[in-house]
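Inside the fold
Each chain is listed here by its residues.
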Amino acid sequence: MTFFRTIILALIVILSVIGLNWLYYEIMGKRSAKIVSQQEFREGMRKAQVIDVREKNEFDAGHILGARNIPFTMLKQSISAIRKDQPVYLYDTTKTLSVRAANRLRKEGYKEIYILKEGYNGWDGKTKKKN
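Heads up: these notes are all about the structure in this document.

Analysis parameters
Residues numbered from 1 in each chain as written. Predicted model: local features only at pLDDT ≥ 70, side-chain atom pairs only at ≥ 80, totals over all residues. Heavy atoms only, no water. Patch = residues over 30% accessible without salt bridge, like charges linked within 9 Å, V, L, I, M, F, W, Y side chains within 5 Å. Areas by Shrake-Rupley, 256 points an atom, 1.4 Å probe, with all protein chains shown as cover. Salt bridge = Lys/Arg side-chain N within 4 Å of Asp/Glu carboxyl O. Helix = DSSP H or I, 4+ residues; strand = E, 2+ residues; numbered from the N terminus. Buried < 20%, exposed > 50% of the residue type's maximum accessible area, 1.4 Å probe, protein only. Contact = heavy atoms within 4.5 Å. Pairing = 2+ DSSP bridges. Axes fitted to C-alpha atoms, helices over the stretch in contact; angles between N-to-C directions. Lys, Arg positive; Asp, Glu negative; His and termini not counted. Polar contact = N/O pair within 3.5 Å; in protein donor to acceptor, adjacent residues only side chain to side chain.

1. Re a nonpolar patch on the surface
Together, F3, F4, I7 and L11 make up a nonpolar patch on the protein surface, roughly 440 Å² of accessible area in all. As for its position among the elements, I7 is in helix α1 (residues 2-32). Using a relative accessible area of 39% as the deciding quantity, one classes I7 as partly exposed.

2. Points about the environment of H63
Here H63 shows up in strand β3 (residues 63-64). Judged by relative accessible area, which is 7%, H63 ranks as buried. Separated by 24 residues in the primary sequence, H63 and P87 place their C-alpha atoms 19 Å from one another. For H63, the contacting residues outside a window of four places in its chain are D52, R54, Y91, Y120, K126, T127 and K128.

3. Notes on the sheet that holds strand β5 (residues 88-91)
Strand order in the open sheet formed by 5 strands is β1-β6-β5-β2-β4, with parallel pairing between adjacent strands. The sheet terminates laterally at β1 (34-36) and β4 (68-69), the two strands that pair on one side only. With 4 bridges joining them, strand β2 (residues 49-52) and β5 adopt parallel strand pairing. In the strand pairing of β5, Q49 is matched with V88. Contacts between helix α2 (residues 38-45) and the sheet are confined to β1, β2, β5 and β6 (113-116), with β5 contributing the most and set at about 140° to the helix.

4. What to know about the side chain of D92
By the element assignment, D92 lies in the loop between β5 and α5 (96-107). Buried and without a salt bridge, D92 has R54 as its closest oppositely charged side chain, separated by 7.1 Å. Within the structure, the side chain of D92 is placed 2.6 Å from the side chain of S98, a separation counted as a polar contact. What D92 contacts, discounting residues up to four positions off in sequence, is V53, R54, L97, S98, G119 and Y120.

Now the structure itself:
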């Protein structure tokens, strides 16, 4: 009986950690940026800086048409390439890296930050692949 209690306790701990991680990213996302739908993203991206925060190999495999690649791992070094006077539209595969990037941008004084809700995986608009 103690073996099953140990298994159940371990599952509860694992699920709690997953749940807390999800909650953290939801709170940080709402605090640092506005999470927008595909439609809102499409409508605003023409007047904004669209930034893909995935790594270069993922970007080259396919990205939203008009986006530029600034990987999250290089964001701190490349932040000066992002203008503060224009809205910033961020996306990654889901939205985890975008939330982290938005948090960093907010701390640097950026005001208009938007994150694609479903990330690139949920995008059904125009894309481009590097040959």
